[in-house]
Amino acid sequence: MEPVLPAYLPYLAFSCCLASACMLSCNNEKPQSKPNIIIILTDDQGWGDLGITGNKNLQTPNIDQLALNGALFDHFYVCPVSSPTRAELLTGRYHDRSGVYSTSEGGERLNLGETTIAEVFKRAGYATAAFGKWHNGMQYPYHPNARGFDEFYGFCTGHWGDYFNSQLMEHNGELVKGNGYITDDLTDKAIDFIDKHRNDPFFLYIPYNTPHSPMQVPDQWWNKFKDKGLEMFADERVEENIPFTRAALAMCENIDWNVGRIIEKLKEMELDEETIVLRSEERRVGKECRSRW
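What counts and how
Residues numbered from 1 in each chain as written. Predicted model: local features only at pLDDT ≥ 70, side-chain atom pairs only at ≥ 80, totals over all residues. Heavy atoms only, no water. Core = buried A, V, L, I, M, F, W, Y, C linked by side-chain atoms within 4.5 Å. Buried < 20%, exposed > 50% of the residue type's maximum accessible area, 1.4 Å probe, protein only. Helix = DSSP H or I, 4+ residues; strand = E, 2+ residues; numbered from the N terminus. Contact = heavy atoms within 4.5 Å. Phe/Tyr/Trp six-rings, centres within 6.5 Å; stacked < 30°, edge-to-face > 60°. Lys NZ or Arg CZ within 6 Å of the ring centre and 35° of its normal. Salt bridge = Lys/Arg side-chain N within 4 Å of Asp/Glu carboxyl O. Pairing = 2+ DSSP bridges. Arc of directions from axis to C-beta.

Caption draft 1: Just the nonpolar core, in detail. One finds Ile38, Phe202 and Leu204 to be the most contacted residues of the largest nonpolar core, which totals 40 residues. Going through the elements one at a time, strand S2 (36-43), helix H2 (61-69), strand S3 (127-133), strand S4 (151-155), helix H5 (182-196), strand S7 (202-207), helix H6 (219-225) and helix H7 (242-268) are the ones with two or more residues in this core. Broken down by element, the residue count for this core peaks at nine residues, all from H7. Ignoring sequence-local partners within four residues, the contact set of Ile38 consists of Ile194, Phe202, Leu204, Ile206, Ile262, Leu266, Thr275, Ile276, Val277 and Leu278. Grouped together as the second largest cluster of nonpolar side chains are 19 residues, Ile39, Leu41, Ala130 and Ile276 included.

This is the structure we're talking about:
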């Protein structure tokens, strides 16, 4: 496996993947191999919400290992809100140029003239899928199934109010019921996709919607933090909500566990040497800063 962790650099994630896709689709010679590509994007997870960046309040061994075995980028430029970040990652372009200027009222829609990274990989013969929070247009032709993704499971809106057994999840345009905690459910679908396409080159985009509010997390993760004393706190200029911070930390550890599940699946399928894994995050600053120093 070639694990790469551009923890804060969507542009680089796009550039690395797009370069691979262009070489595969534009080269007249038959490629020797087509590496699988997995991009994992988290929502509202901050720079300091990882063990690898020095946070003493939580443990993120799986994500940390990606950085230790691969590459960790610590300089970045990205819009700190949802739709623009996603548009930049999908296109590699400044969000305003892609028509995305807001998170609602049509400002989240990615212009139809834009080429997404999924479309490039699809032309290169890849199976493509997205599992998670889309937030770049709800209806066709803005829907992910119309933007290069063969399979989509998740939700297209910007905010989701129920992280457990949601009745309004979507699979390729059809409403379905979610299965358990949303991050675990999205990971289940990603693992199924990997298993299904073990013999095909695939591009897999997993835009988790956590640790964005509402602060809902399974008891397995919350119980570790509900009475935990914290070693690090938000900037003293910020009025920190400690229960909120504890829930965010629990959600971050759940994300790390699910990243570990994906890595283990790649190893189980003997795909770890043929897959590039990139993990990025949408960073937000302000009153919801968590465990910064």
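Moving on from the coordinates now.
Caption draft 2: View of the packing of aromatic side chains. If you walk through the whole model with that rule in mind, you get eleven aromatic pairs. Summarising the aromatic geometry, the rings of Phe131 and Phe193 are spaced 6.0 Å apart at their centres and angled 70° between planes, so their arrangement reads as edge-to-face. Remark: Phe193 occurs in helix H5 and Phe131 occurs in strand S3; sequence separation between them is 62 residues. For the pair Phe131 and Phe193, a shared accessibility class is recorded, and that class is buried. The interplanar angle of 50° and the centroid separation of 5.6 Å between the aromatic rings of Trp221 and Trp257 together place this pair among those described as tilted. Remark: Trp257 occurs in helix H7 and Trp221 occurs in helix H6; sequence separation between them is 36 residues. Through a chain of ring-to-ring contacts, the aromatic side chains of Phe121, Tyr126, Trp134, Phe149, Phe203 and Tyr205 assemble into a single cluster. For the cation-ring pair, Arg109 lies above Tyr142, with the distance from its terminal atom to the ring centre recorded as 5.6 Å. When the ring centre of Tyr153 is taken as origin, the NZ or CZ atom of Lys189, which lies over that ring, is 4.3 Å away.

Caption draft 3: Helix H3 (residues 82-91), seen in detail. Along H3, ten of the ten residues are buried, which leaves the element largely enclosed by surrounding structure. Three or more residues of H3 are buried, namely Ser82, Ser83, Pro84, Thr85, Arg86, Ala87, Glu88, Leu89, Leu90 and Thr91. Note on H3: the residue one or two positions beyond its end, Gly92, has a positive phi of about 75°.

Caption draft 4: The arrangement of the pattern of salt bridges in detail. Evaluated as defined, the whole model comprises eleven salt bridges. For Lys267, the salt bridge identified is with Glu264, shortest N-O distance 3.8 Å. You can see Lys267 and its partner Glu264 sitting in helix H7, three residues apart, about one turn around the helix. Note on Lys267: relative accessible area 42%, which makes it partly exposed. In this structure, a network of salt bridges that share partners links the residues Asp195, Arg198, Lys265 and Glu268.

Caption draft 5: Inspection of the pairing of S3 at higher detail. Most of S3 sits inside the fold, with seven of its seven residues counted as buried. With four bridges joining them, S3 and S7 adopt parallel strand pairing. Of the residues in S7, the one forming a bridge with Ala129 is Leu204. Here five bridges tie S3 to S4, and the two strands are oriented parallel to one another. Within S4, the residue paired with Gly132 across the bridge is Gly154.

Caption draft 6: H2, seen in detail. Of all the residues in H2, the buried ones are Ile63, Asp64, Leu66 and Ala67. Within H2, the buried residues cover an arc of 150° as seen down the axis, which keeps them to one side. Away from the buried face of H2 by more than 90 degrees, exposed residues Leu68 and Asn69 are located.

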